[in-house]
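Fold and geometry: a report
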Amino acid sequence: MSATSEIARARSLIRVVPDHPSPGVAFQDITPLLADARALRACVEALVAPFEGRFDLVAGLEARGFLLAGAAAVLTGTGLVPLRKAGRLPAPAARADYTLEYGTASIEVSEDLRAGSRVLLLDDVLATGGTLAAGRRLIEARGAEVVGAACLLELTALGGRAVVPDTHVLFAA
Ligand SMILES: O=P(O)(O)OC[C@H]1O[C@H](OP(=O)(O)OP(=O)(O)O)[C@H](O)[C@@H]1O
Ligand SMILES: Nc1ncnc2[nH]cnc12
């Protein structure tokens, strides 16, 4: 199957769960896509492709971004830095606050994200854009460079593209 059809097949595996985690939210569940070896590989390859050779570290946003970031780092031979929800890192070096579709949150990063690193930022879903924007701020606060940001799925009605306009997105809903 061609890369394009693998990606189309991967898109069909995202499951929509109504009213999760709260009434009115149509939750885009990527677990069936992750569980499918071909779909997972095709998506991770497509996420990193525009940036290949230009980054030396992948930053993944907790929690679902970690799943893609780990795979992307191994695939591209780069390191990985987790952007963790506040309170989970033993020695956070920087913090950023943000809002999302169903609440507010903060993320933190350790000192392992060094000044001068060239970083690819990864997550699963772009909704309001608050999470990816906070990830960018956090990376830049450490003196590192965001070479690019990518995610699987954009929820177009939530307007996140205006907040993080250069994000590379595979699918829209
Ligand atoms: O564009 P935004 O409005 O910021 O929303 C997108 C974020 O929302 C979800 O994270 P969430 O923190 O809900 O959950 P997770 O820990 O399951 O990844 C998703 O994984 C993105 O990180
Ligand atoms: N509707 C949604 N589905 C999955 N992840 C999300 N993150 C923010 N909104 C979401």
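We now turn to the structure provided with this report. Per-chain numbering applies: the sequence of each chain, read as written, is numbered from 1 onward. Both sets of labels track the order of writing: A upward for chains, 1 upward for ligands. At least 70 in pLDDT is required for a residue's local features to be given in this predicted model, at least 80 for side-chain atom pairs to be given and counted, and no such filter applies to totals for whole chains, interfaces and linings, which use all residues. No hydrogens and no water enter the side-chain calculation; it runs on all heavy atoms of the structure.

**Thoughts on the site of ligand 1**
A cutoff of 4 Å decides nearness: a residue is near a molecule or strand if any of its heavy atoms lies inside that distance of it. Lining the immediate surroundings of ligand 1 are 16 residues, of which K85, D123, D124, T128 and T131 lie closest. Contacts described as polar in this section are N or O atom pairs within 3.5 Å, which, within protein, must combine one atom able to donate a hydrogen with one able to accept it, while residues neighboring in sequence count only if both atoms come from side chains. Within the side chain of R64, one N or O atom sits 3.0 Å away from an oxygen atom of ligand 1. G130 is positioned with one of its backbone polar atoms (N or O) 3.4 Å from an oxygen atom of ligand 1. For every accessible area listed, the method is Shrake-Rupley and the probe measures 1.4 Å; residues are considered covered only by the protein chains on display. Expressed as a share of its isolated accessible area of 510 Å², the protein-covered part of ligand 1 is 88%. Secondary structure is summarised from DSSP: a helix means a run of H or I of at least four residues, a strand means a run of E of at least two, and numbering begins at the N terminus for each. Listing elements by their share of the shell around ligand 1, those giving two or more residues are β7 (118–126) and α5 (130–141). Broken down by element, the shell around ligand 1 gets its largest block of residues, four residues, from β7.

**Observations regarding unusual backbone geometry**
A cis geometry characterises the amide bond from H20 onward to P21, with omega recorded as 0 degrees. Of note, P21 is situated in the loop between β1 (15–18) and β2 (26–29). Each neighbour pair has its own omega, and for E62 with A63 the value is -5 degrees, a cis peptide bond. Within the secondary structure, A63 is located in the loop between β3 (57–61) and α4 (64–76).

**Observations regarding the pairing of β3**
The rule is simple: take the accessible area with a 1.4 Å probe, protein chains only, and divide by the maximum for that residue type; under 20% is buried, over 50% is exposed, in between is partly exposed. For β3, a buried count of five out of five residues is recorded, marking the element as mostly surrounded by other parts of the structure. In this structure, β3 lies alongside strand β4 (residues 79–85), joined through five bridges in parallel fashion. Paired with L57 across the two strands is G79, which belongs to β4. Two strands make a pair as long as DSSP finds a minimum of two bridges between them.

**Some remarks on the environment of A93**
Along the chain, the position of A93 falls in strand β5 (residues 92–100). When the C-alpha atoms of A93 and E108 are compared, they prove to be 7.2 Å apart, with 15 residues separating the residues in sequence.

**Regarding helix α3 (residues 37–48)**
Helix span, as expected, comes to 1.5 Å for every residue beyond the first. Its twelve residues give α3 an end-to-end C-alpha distance of 17 Å, which sits within 8% of 16 Å, the value for a rise of 1.5 Å per residue. Those residues of α3 that sit buried are A39, A42, C43, V44, L47 and V48. Note on definitions: a residue-residue contact is assigned when non-hydrogen atoms from the two residues lie within 4.5 Å. On its buried side, α3 packs onto α1 (3–12), α2 (31–34), α4, β7, β8 (145–154) and β9 (168–172).

**Structural notes on α5**
When the terminal C-alpha atoms of α5 are compared, their 16 Å separation across twelve residues agrees well with the 16 Å that a helix rising 1.5 Å per residue should span. Regarding α5, the residues found buried are G130, T131, L132, A133, A134, G135, L138 and I139. Positive phi shows up at G143, right after α5, with a value of about 80 degrees.

**Points about the side chain of D29**
Mapped onto the fold, D29 is located in strand β2. Its relative accessible area of 12% is what places D29 among the buried residues. Within polar-contact distance, the side chain of D29 engages the side chain of T31 at 2.9 Å. Beyond its immediate chain neighbours, meaning those up to four positions away, D29 contacts L13, I14, R15 and V17.

**Quick word on the sheet that holds β5**
Judged by pairing direction, the sheet is mixed, and its seven strands sit side by side in the order β5-β6-β4-β3-β7-β8-β9 without closing on themselves. Because the sheet does not close on itself, it has two edges, and the strands there are β5 and β9. Here the strands of the sheet are splayed against their neighbours by 20 degrees on average, with no regard to which way each runs. In the packing of α3 onto the sheet, contacts are made with β7, β8 and β9, and the angle to β9 comes to roughly 140 degrees. To get an axis, a line is fitted to the C-alpha atoms, and for a helix only the part in contact is used. The angle between two axes follows their N-to-C directions and goes from 0 to 180 degrees. Across the face of the sheet, α5 comes into contact with β3, β4, β5, β6 (103–110), β7 and β8 while running at roughly 160 degrees to β5.

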